[in-house]
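Spelled out, the chains give:
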Amino acid sequence: MANNESKTSPSGYNSARKQDVLIEVKNLKQYFNIKSSLGKKATVKAVDDVTFNIYKGETLGLVGESGSGKTTLGRSILRIYEPTAGRVIFSGVDITKLKKGKLLHYRKKMQYIFQDPYASLDPRMTVSDIVGEALDIHKLATSKKDRAEKIRELLKLVGLNTEHASRYPHEFSGGQRQRIGIARAIAVEPEFIVCDEPVSALDVSIRAQIINTLEEMQERLNLTYLFISHDLGVVRHTCDRVGVMYLGHIVELVESEELYKNPLHPYTQALLTAIPEPDPEVAKKRNRIILKGEIPSPVNPPSGCKFRTRCPFAKDICKKEIPEFKEHGSGHYVACHFAGKL
Amino acid sequence: MTNMNKSEVLDEKLFLPASDSEKATAEVMRPSVGYWRDAWRRLRANKVAMGSLLVILLVVLAAIIGPMLSPYAYDQINKGSENLPPSAQHIFGTDSLGRDLFTRTMIGARISLSVGVVAAIMISIIGILYGAISGYFGGWVDIVMMRIIDIVYSVPTILIVILLQVALKTPIDTFLNSANAPNFLKNLGVGLISIFFVLALLYWVDMARIVRGQILALKEQEFVLAAKVLGASNRDIIFKHLVPNCIGQIIVVATLKIPEAIFVESFLSFIGLGVSIPMASLGSLSQTALKGIYSYPYMLFFPAATISIIILSINLFGDGLRDALDPRMKK
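Conventions adopted
- Residues numbered from 1 in each chain as written.
- Chains lettered and ligands numbered in written order.
- Predicted model: local features only at pLDDT ≥ 70, side-chain atom pairs only at ≥ 80, totals over all residues.
- Heavy atoms only, no water.
- Helix = DSSP H or I, 4+ residues; strand = E, 2+ residues; numbered from the N terminus.
- Rg over C-alpha atoms; globule rule 2.2 N^0.38 Å.
- Buried < 20%, exposed > 50% of the residue type's maximum accessible area, 1.4 Å probe, protein only.
- Contact = heavy atoms within 4.5 Å.
- Areas by Shrake-Rupley, 256 points an atom, 1.4 Å probe, with all protein chains shown as cover.
- Lys, Arg positive; Asp, Glu negative; His and termini not counted.
- Charge placed at Lys NZ, Arg CZ, Asp CG, Glu CD.
- Phe/Tyr/Trp six-rings, centres within 6.5 Å; stacked < 30°, edge-to-face > 60°.
- Lys NZ or Arg CZ within 6 Å of the ring centre and 35° of its normal.
- Pairing = 2+ DSSP bridges.
- Axes fitted to C-alpha atoms, helices over the stretch in contact; angles between N-to-C directions.
- Buried area = accessible area lost by both parts, 1.4 Å probe.
- Salt bridge = Lys/Arg side-chain N within 4 Å of Asp/Glu carboxyl O.
- Polar contact = N/O pair within 3.5 Å; in protein donor to acceptor, adjacent residues only side chain to side chain.
- pLDDT = per-residue confidence, 0-100.
- Expected span 1.5 Å × (residues − 1).
- Bend = angle between axes of the 7 residues up to and from the residue.
- Right-handed = clockwise from strand over helix to strand, strands pointing away.

Caption draft 1: The arrangement of the overall build of chain A in detail. Counting its regular elements, chain A contains 11 helices and 12 strands. Here chain A has a C-alpha radius of gyration of 21 Å; the compact-globule value for 342 residues is 20 Å, and the two agree. Seen along its three principal axes, the alpha-carbon backbone of chain A occupies a region of about 70 × 55 × 45 Å. Across the 342 residues in chain A, those meeting the buried criterion constitute 51%. Considering only contacts in chain A between residues 6 or more positions apart, those separated by 24 or more positions represent 64%. Within the structure as shown, chain A displays about 16200 Å² of accessible surface, and the carbon and sulfur contribution to it stands at 50%. Of the side-chain charges in chain A, 51 are positive and 41 negative, and the distance between the mean point of each set is 6 Å.

Next comes the structure, spelled out in structure tokens:
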């Protein structure tokens, strides 16, 4: 818990993280069986053989385009989906094998903040019931009075008016609803929260507020975040490390400053040039790498390197061999045959 | 390029911050209205539905206090005033035994309405449980449960109703005659109890189907995932999140089941399988009246008209309720 103080550097980089691994994800696979219109069975490999660590107190970003498996990965870690294979080890315990009763204990430690604040709150429940449900399930309130008091505190903590506890979600704006979602997630006093694009459904003017609230909660409650986003600007601001996903694989994983300075994977390089640049003079000079085509179907992914169909540097070896997810420089993991040579 | 930009001088007044009154005009929004109040607003705008509601309330009121106001009991035989046409003394006339038809019709309406309401409640309980389990768990559970519904659906209902009625009569009768049968059940009589059984056993399928459909759509919603992440049990998810979110459809179906049950009860009583004499239901009154249809047509008119009014008004009200509670279903 002491690693909170170590978060001193202005970039938000956490130097104490190396020691404490909170979650180990090992060879995690999440396949979905689907039936095509002709009745043929097929498998969608939404997350395919992903291995990484999440350190205590850090914010690990996860970026990638739509359909790359970011959300699925987040949900598999929390066992919202039952992983097809692989392990998720939370403080030394493999939670993928836990029975339902034992899992409840870990549900309390790991929470989820949803992308869409309109769909993720039950429209027939008041705010106090939405937040209170978390308290009820884990029996965190000793009495009715205690429950009401705890709900009040939580609402205050996330910056909501406590008098609004008896209102329904539809009476709130998007940003306020997302705060309700945050209050619900932190009600059980978790250690780890998956933030699934928590600001992408919100107005640009509200985003900063919500991100600040999330950062404030992290500092106060010693939280660890897995921050899923497709907004590279937001990720740069919030995350200590960033993983880049493509077609169910993590192709690059590195400290966020390093990622922006020295991207090694061609996909990351292309993504970074796509960040909008406010200064038109700079934008003109910039060499934007435009990727050809669409992300291939996860039902029928390309052989070898999954990115080779759109990679400007693809060679024969990319077709034949799956590139290893290897360390290039300290803590800089890349899955590319030509990492460092491009 | 730069020269051109300079020539396009913009008026600085355009960039002044908005005043408070200007901000207020930008914030005009529809006042936030809750689900029920919104539904009530839509229902109130529907003249047919409100008219039907008024008629239903009048019939219910008449069924409750009508027999009390009448100077005659429903089973009171008045010697010498048999087969009287409607008059000031007997507004609906009397039957072949001299019983007051107004009192009997009101009692009949009371029986019919309570059959409708009790049946709707039983249908709802069974249908909601069945539909929720089938929809929520999905997969094989769903397939098997839906095939059972298909079977119940495909049997000719009226035929089964009659068969069940006959088959159930004896066991219920022996149960009622045993010492530990509760008193209120004895008062209901064999006929009515077996009607309840029959309705509960056969008429829940629509409710189950609709609840299942709703829950299939709802269970993919993120707030259900959120409850799962919190560790909510399946029971909590079904009864705290899913069922409350389809309460609108449940109310509509339950309302539309009331006239259906009333019709079945009247029909069964009409063919002599329903309530037993001297108790009256609208169906049994019609059946008795049929014998004297050529001489005393008014005897059939009143109970038949009451059945029609009840069924029509509840059906119209149910339609209005559907439009109000579930505006998406409206074309």
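Caption draft 2: Region of the structure containing the environment of Val188 of chain A. Mapped onto the secondary structure, Val188 of chain A falls in the loop between α5 (174-186) and β7 (192-196). In this structure, the C-alpha to C-alpha distance between Val188 of chain A and Ile137 of chain A, residues 51 residues apart in sequence, is 9.2 Å. With residues near it in sequence (within four places) discarded, Val188 of chain A still touches Lys108, Gln111, Ala134, His138 and Leu140 of chain A together with Leu230 of chain B.

Caption draft 3: Expanded view of the environment of Ala274 of chain A. All names here are of chain A. Within the secondary structure layout, Ala274 lies in the loop between α9 (266-273) and α10 (280-285). Take Ala274: its relative accessible area is 34%, and that puts it in the partly exposed class. When the C-alpha positions of Ala274 and Ile289 are compared, they lie 7.6 Å apart, and in sequence the two are 15 residues distant.

Caption draft 4: How the structure looks around the packing of aromatic side chains. Inspection of every chain in the model, using the stated rule, returns 11 aromatic pairs over all chains. Taking the centre distance of 6.4 Å and the plane angle of 70° together, the rings of Tyr296 of chain B and Tyr298 of chain B count as edge-to-face. Judged by its relative accessible area of 28%, Tyr296 of chain B falls in the partly exposed class. The ring of Tyr260 of chain A has Arg236 of chain A lying over it, and the distance from NZ or CZ to the ring centre is 4.4 Å.

Caption draft 5: Representation of the environment of Val299 of chain A within the structure. All names here are of chain A. When you line up the elements, Val299 lands in the loop between α10 and α11 (316-320). The class of Val299 is partly exposed, set by a relative accessible area of 36%. In this structure the C-alpha to C-alpha distance between Val299 and Glu65, which are 234 residues apart in sequence, comes to 17 Å. Residues contacting Val299, with those up to four places away along its chain left out, are Ile34, Ala42, Thr43 and Val44.

Caption draft 6: Region of the structure containing the sheet that holds strand β11 (residues 326-327) of chain A. Residue and element names in this part refer to chain A. A sheet is described by the order of its strands in space; here 8 strands give the open sequence β6-β7-β8-β3-β9-β10-β12-β11, paired in mixed fashion. Of all strands in the sheet, those with a lone pairing partner are β6 (110-113) and β11, marking the two edges. Note that β7 and strand β8 (residues 224-228) share 5 bridges and pair parallel. The residue of β8 that forms the bridge with Val194 is Leu226. Against the sheet, helix α6 (residues 204-221) engages β3 (59-63), β6, β7 and β8, with an angle of about 155° to β8.

Caption draft 7: Geometry of the interface of chain B and chain A. Across the contact, 21 residues belong to chain B and 27 residues belong to chain A. When chain B packs against chain A, close to 2000 Å² is buried across both sides, 57% of that on carbon and sulfur atoms. Summed over the three residues of chain B that lose the most area to chain A, namely Glu222, Val229 and Leu230 of chain B, the buried surface amounts to 37% of that side. A salt bridge links Arg75 of chain A to Glu222 of chain B, with the nearest nitrogen and oxygen atoms 3.4 Å apart. Between chain B and chain A we count 9 residue pairs in polar contact (both at pLDDT 80 or more) in total. Those elements that provide at least two residues to the side of chain B that touches chain A are α10 (222-230) and α11 (234-245) of chain B. Sorting elements by how many residues they give to the side of chain B that touches chain A places α10 of chain B first, with 8 residues.

Caption draft 8: Inspection of the confidence of the model for chain A at higher detail. Overall, the predicted model of chain A reaches an average pLDDT of 85, with 94% of residues at or above 70. A low-confidence stretch, residues 1-17 of chain A (pLDDT under 50), is modelled with 28 contacts involving residues beyond four sequence positions or located in other chains.

Caption draft 9: Molecular detail of the side chain of Glu133 of chain A. Within the secondary structure, Glu133 of chain A is located in helix α3 (residues 127-137). Setting aside chain neighbours within four positions, we find Glu133 of chain A in contact with Met125 and Arg147 of chain A together with Ala227, Leu230, Ala232 and His241 of chain B.

Caption draft 10: Up close: the pattern of salt bridges. For the structure on display, the rule yields 23 salt bridges over all chains. Across the salt bridge formed by Glu82 of chain A and Arg79 of chain A, the nearest N and O atoms sit 3.1 Å from each other. You can call Glu82 of chain A partly exposed: its relative accessible area is 48%. Take Arg79 of chain A: its relative accessible area is 9%, and that puts it in the buried class. Arg322 of chain B serves as the salt-bridge partner of Asp319 of chain B, at 3.0 Å between the closest nitrogen and oxygen. In this pair, Asp319 of chain B and Arg322 of chain B both sit in helix α14 (residues 298-325), 3 residues apart, roughly one turn of the helix. Judged by its relative accessible area of 35%, Asp319 of chain B falls in the partly exposed class.

Caption draft 11: The sheet that holds strand β2 (residues 41-55) of chain A, seen in detail. Residues and elements named next belong to chain A. The strand order β2-β1-β4-β5 describes an open sheet built from 4 strands, whose pairing is antiparallel. The sheet is open, and its two borders are formed by β2 and β5 (93-94), each paired with just one other strand. Judged from the 11 bridges that link them, strand β1 (residues 21-35) and β2 form a sheet pairing that is antiparallel. If you follow Val25 over to β2, its bridge partner there is Phe52. The strands touched by helix α1 (residues 70-77) within the sheet are β1, β2 and β4 (85-90), with β1 carrying the most contacts at an inclination of about 115°.

Caption draft 12: Representation of helix α7 (residues 157-177) of chain B. Taking 1.5 Å per residue, 21 residues should reach 30 Å; α7 of chain B reaches 29 Å between its end C-alpha atoms and fits that length. Along its length, α7 of chain B shows its largest kink, about 35°, at Lys169 of chain B, and proline Pro171 of chain B lies within four residues downstream of that point.

Caption draft 13: Expanded view of the side chain of His164 of chain A. Tracing the sequence through the fold places His164 of chain A in the loop between α4 (144-157) and α5. Beyond its immediate chain neighbours, meaning those up to four positions away, His164 of chain A contacts Val127 and Phe172 of chain A.

Caption draft 14: Layout of the pairing of β8 of chain A. All names here are of chain A. Buried residues dominate β8, accounting for 5 of its 5 residues. Side-chain alternation along β8 places Thr224, Leu226 and Ile228 on one buried face and Tyr225 and Phe227 on a second face that is also buried. Handedness of the crossover joining β7 and β8 through α6: right-handed.

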